[in-house]
Number of protein chains: 2
Amino acid sequence: MLDSEIRDLTPVFEPRSLAMIGASNNPMKWGCIILMNILGYGFQGKIYPINPHEEKILGIRAYPDIRRVEEEVDLAVIARPAEATLQHIEECVEAGVKAAIVIAGGFRETGEEGRKLEEKIVKIARRGGLLLVGPNTMGVYSAPVNLRALMPPVSPVKGEVALVSQSGNIGTNLLGFGSTVGVGFDKFVSSGNEADIECYEYIAYFGADPKVKVILAYLEGIRSGRRFMRVAEEVSERKPLIVYKAGRTRAGVRAARSHSGALIGSNEVVRAVFRQTGIIEASTVNEMLDLAKTFVRMPLPNGRRVGILTWGGGYGVVASDAFEEAGLEVTSLTEDSLRELDKILPPYWSRGNPVDLVGTFDRQIQPPCLDIIARDKNTDIVVALGFIVGSGAFAGSYRSAPWRKEEEGEIVKSWLSKADEESMNVLVEMVRKHGKPVVAVTLTTDMDVVRRAAEKGAIVYPTIETAASVLSKMVRYVEYLRKRSKLRRVED
Amino acid sequence: MLDSEIRDLTPVFEPRSLAMIGASNNPMKWGCIILMNILGYGFQGKIYPINPHEEKILGIRAYPDIRRVEEEVDLAVIARPAEATLQHIEECVEAGVKAAIVIAGGFRETGEEGRKLEEKIVKIARRGGLLLVGPNTMGVYSAPVNLRALMPPVSPVKGEVALVSQSGNIGTNLLGFGSTVGVGFDKFVSSGNEADIECYEYIAYFGADPKVKVILAYLEGIRSGRRFMRVAEEVSERKPLIVYKAGRTRAGVRAARSHSGALIGSNEVVRAVFRQTGIIEASTVNEMLDLAKTFVRMPLPNGRRVGILTWGGGYGVVASDAFEEAGLEVTSLTEDSLRELDKILPPYWSRGNPVDLVGTFDRQIQPPCLDIIARDKNTDIVVALGFIVGSGAFAGSYRSAPWRKEEEGEIVKSWLSKADEESMNVLVEMVRKHGKPVVAVTLTTDMDVVRRAAEKGAIVYPTIETAASVLSKMVRYVEYLRKRSKLRRVED
């Protein structure tokens, strides 16, 4: 990857010092809000507020001009209107700053005049060796140095996922949702108009970063198609590269044009590129998080054969349909497994896959059943339905039962909650023991159980359809890797 | 609909008196749990527990045998093992009972012997004029008489939706989830093996019931295809009939066979039947609730043209793609509307649909923008993204910001929550004023806001994709109705 086209983005993501141009004491200004976000997250380097009219900003000594800062500045965050940007970029170059984040909109996305201004800025920055994030960006987040140079006050949980987003709203929302569904982030950039640094460079940088295990990208357009392809191909051999591609329809392209001003390739071309380069395409924005979590926590499956444990026959049918429609295989269990299950389950059980617990109340029989299915050599992936109940939603409908006392609802809730905790531990243990993905689906609308499970290292999906989509994409990624490695062997 | 094949199910859904055969004081027995559920919901008719060994059950005078009850019994709930059922059915017939719910499994779904037993029971019941629900059922719920003869202690919110489910678990779970997403039920039956009453009869009954506005069905198999079709065709002209069809794949059919023992038609045939009869197919189990809620609350749209208000350009792109891919049209607004919007929005707004609020913080400008889009003669449906924020999830990520005090998070939460309440009122007002669907999508994972909105009569979807799928199905239903009415005019 280390060639002349791929620049080192360390000054953007791991700066040792930072200047805030347009820093302000007025809490209605971005120059104040962003600086508060930076200070509040405990950035580990030095901070230099730049403001010609103030002595101090938020209690820190301010400088009238970035050229007056005595020490070296790695990163400048510029929160000033578009028309002032040119001057500040020139000052940054003079001051030897290594990278700048240009927050303001009002460039290419607004028309011809903006496009010209943007080109001017890029020219000056490139000539001066200044890396440029944006313009029209919501900023950068980086866990290793506690950098949160963002517009909204989201607080990502730290983790192993990196995200580049061509939409600031969607990107920062994903950081926030991450903490509600149990996805932690190592790095994030709202790439804005990508006037200088394009998405493929961020992806290359994340690809080379050992702290990053999974890369996510929300993309509306890809400018440098060839470079993007080469980077995607190299990166996705090392770690999963998950993309949500917006602007797939005429209406979507129209909306994207006025939003990020990005150039859009035809949808067919984009899809072909994804297939060839091993990119995993997310079906929805939120599915990016489900995919990320799964790739971080689960071993890669050896194949597409799924074993299912279900509490309730109907869900077994729904899951069988969903998995097969997604291209997975609802496998046959070995005769050995069936005999083992005979010893545990009532005589009238259906002796097949899905393994239906036929309404047994005894939660004690679930872990040994799961163990048998996970041990079976015919299964590559195991999914448990109703194994994690999600006490919140259940207790909610239970509590409202008029013949029950409020306290009884709470007792049931705490009992279910404890049982769920134990089940989460069982899931983690099964994965460790059998080395294949063993996951659960909560059949309630309780998102809290999804987050709690993730914190314990277990995967619980909110719906059967999510499980089907995510797991099938995992299988296809493995198949891609196998094809690639065969290819390489032939070429050697 | 009133022909000899469609029986009157009033004794099942609006019984004036009820006997519980197998009633028990032992809280580990279904004969106790179900009776507690019946008592707890305040059934309005008389209740006769039947148990040969007890004087009283749960404090109520018990009878040794249903034939010993002096008054007329409309409905018997039989919670006794399969092998005892035959005898109880004979007793019910002798006693002149009008309908029986047979809870036990162990019939056709378990093999040849069970099938024979089931046929015997049906023969006796039919000869004796006894309607039979099940066997292998989780029971019946009916709001008008406060009947909750169910196995699990779910407490449905009362409403205008009726549900027939061939899976007891899925059916009763849907009743429970309904209360967490704001869907109320008027009637429910877990139809079990459908040995006597088949799904088409329930649908016909719900179709003729003026209290029911929307019918839901979870189906694994359809036995009497022709009758089902005729009923579906007639019913769906009067009210939406929404079906989730399980058993679409080989694996699904296999699982269904051991579950409900139902016969399954080929998937192609089933789909063709749905198209011809106006049935609305739900893509997921949970989508049934989203569809139901929308049909209950929203007027039918006149066409497929959607106007979008978005807080954040990225979501505008995602929505444009999702709506177009679902077959809706992201329309052009009239020049009049654009000029009206010019007066409200900053000069750099994109003058197109989606109407992007370009990051304006001022929530006051959203209602007039929404009003302009909803008034526009080019829109049939209006969707607002980010208009309802969902304070829970946002406050969660906000609260965890280390530079914020806990109280500040709470202040923000309560402020957002209040703003959301106002926005919900605006949605309701827009629907009333413009007579077209005006809905919102929360961009957070906050399900609470979804429920609160429904209670106020407003529709908030959890994701953009749900909105796209539900609204496009609504449009297709309207097109079906139009085609039908043209057809009828030609025939006249």
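Just above, that's the structure.
None of the values given here were measured: they were computed from a predicted structure. (Residues numbered from 1 in each chain as written. Chains lettered and ligands numbered in written order. Predicted model: local features only at pLDDT ≥ 70, side-chain atom pairs only at ≥ 80, totals over all residues. Heavy atoms only, no water.)

Draft legend 1. Molecular detail of the overall build of chain A. For chain A, the helix and strand inventory stands at 17 helices and 20 strands. Compactness check: chain A gives a C-alpha radius of gyration of 26 Å against a globular reference of 23 Å for 492 residues, within 12% of the reference. For the C-alpha atoms alone, the extent of chain A along its principal axes is close to 80 × 65 × 40 Å. Here chain A, with 492 residues, has 63% of them falling under the buried criterion. Of the contacts made within chain A by residues no fewer than 6 positions apart, 75% connect residues no fewer than 24 positions apart. Summed over all atoms, the accessible surface of chain A reaches about 18700 Å², with 52% contributed by carbon and sulfur. (Helix = DSSP H or I, 4+ residues; strand = E, 2+ residues; numbered from the N terminus. Rg over C-alpha atoms; globule rule 2.2 N^0.38 Å. Buried < 20%, exposed > 50% of the residue type's maximum accessible area, 1.4 Å probe, protein only. Contact = heavy atoms within 4.5 Å. Areas by Shrake-Rupley, 256 points an atom, 1.4 Å probe, with all protein chains shown as cover.)

Draft legend 2. A look at the interface of chain B and chain A. With 66 residues of chain B at the contact, the number on the chain A side is 66 residues. The salt bridge partner of Arg248(B) is Glu325(A), with a shortest N-O separation of 2.7 Å. At the junction of chain B with chain A, the criterion picks out 14 residue pairs in polar contact (both at pLDDT 80 or more). Going through the elements one at a time, helix 2 (30-40), helix 5 (168-181), strand 13 (241-245), helix 8 (250-259), helix 11 (313-325) and helix 14 (391-399) of chain B are the ones with two or more residues in the side of chain B that touches chain A. Looking at which element gives the most residues to the side of chain B that touches chain A, the answer is helix 11 of chain B, with eleven residues. Broken down by class, the residue content of the side of chain B that touches chain A amounts to 29 nonpolar, 27 polar and ten charged. (Salt bridge = Lys/Arg side-chain N within 4 Å of Asp/Glu carboxyl O. Polar contact = N/O pair within 3.5 Å; in protein donor to acceptor, adjacent residues only side chain to side chain. Nonpolar A, V, L, I, M, F, W, Y, C, P; charged D, E, K, R; others polar.)

Draft legend 3. Examining helix 7 (residues 225-238) of chain B more closely. Residues and elements named next belong to chain B. When the terminal C-alpha atoms of helix 7 are compared, their 20 Å separation across 14 residues agrees well with the 20 Å that a helix rising 1.5 Å per residue should span. Those residues of helix 7 lying buried are Phe-228, Val-231, Ala-232, Val-235 and Ser-236. The buried residues of helix 7 occupy one face: seen down the axis, they fall within an arc of 120 degrees. (Expected span 1.5 Å × (residues − 1). Arc of directions from axis to C-beta.)

Draft legend 4. Region of interest: the pattern of salt bridges. A full pass over the atoms with the stated rule returns 84 salt bridges over all chains. Arg304(A) is the partner of Glu479(A) in a salt bridge, and the nearest nitrogen-oxygen pair spans 2.7 Å. Here Arg304(A) lies in the loop between helix 10 (287-297) and strand 15 (305-310) and Glu479(A) lies in helix 17 (residues 464-491), a separation of 175 residues in the sequence. Given the relative accessible area of 28%, Arg304(A) is considered partly exposed. Arg351(B) is the partner of Asp342(B) in a salt bridge, and the nearest nitrogen-oxygen pair spans 2.8 Å. Here Asp342(B) falls in the partly exposed class, since its relative accessible area comes to 32%. Several salt bridges converge on common partners, so that one network encompasses Glu421(A), Asp448(A), Arg451(A), Arg452(A), Glu455(A) and Lys456(A).

Draft legend 5. Geometry of the sheet that holds strand 6 (residues 99-102) of chain A. All names here are of chain A. Reading across from one edge, 2-1-5-6-7 is the order of the five strands in this open sheet, with parallel pairing throughout. A single partner strand is all that each edge strand has here, and the edge strands are strand 2 (46-50) and strand 7 (131-133). Direction aside, neighbouring strands of the sheet carry axes that sit 20 degrees apart on average. Inspection of the sheet shows strand 1 (residues 17-21) paired to strand 5 (residues 75-78) by four bridges, in the parallel sense. (Pairing = 2+ DSSP bridges. Axes fitted to C-alpha atoms, helices over the stretch in contact; angles between N-to-C directions.)

Draft legend 6. Broad picture of the relation of the copies chain B and chain A. The transformation that overlays chain B on chain A combines an axial shift of 0.0 Å with a rotation of 180 degrees, and the residual RMSD is 0.0 Å. Taken together, the rotation and translation relating the two chain copies correspond to the operation of a two-fold axis. Distance from the rotation axis, computed per C-alpha, reaches its smallest value in chain B at Met447(B): 4.3 Å. Mapped onto chain A, 100% of the interface residues of chain B are again interface residues, and the two copies thus contact each other with one and the same surface. (Least-squares fit on C-alpha atoms with pLDDT ≥ 70 in both.)

Draft legend 7. Representation of the packing of helix 3 (residues 82-95) of chain B against helix 4 (residues 112-127) of chain B in the model. Residue and element names in this part refer to chain B. In the contact formed by helix 3 and helix 4, the axes pass within 9 Å of each other and the chain directions differ by 5 degrees. As the angle between them shows, helix 3 and helix 4 are arranged roughly parallel. When helix 3 is examined against helix 4, the residues Ala-82, Thr-85, Leu-86, Ile-89, Glu-90 and Val-93 are found in contact with a partner set consisting of Leu-117, Lys-120, Ile-121, Ile-124 and Ala-125. Counted by class, the contact of helix 3 with helix 4 contains eight nonpolar, one polar and two charged residues. (Parallel < 35°, antiparallel > 145°, perpendicular 65-115°, else oblique.)

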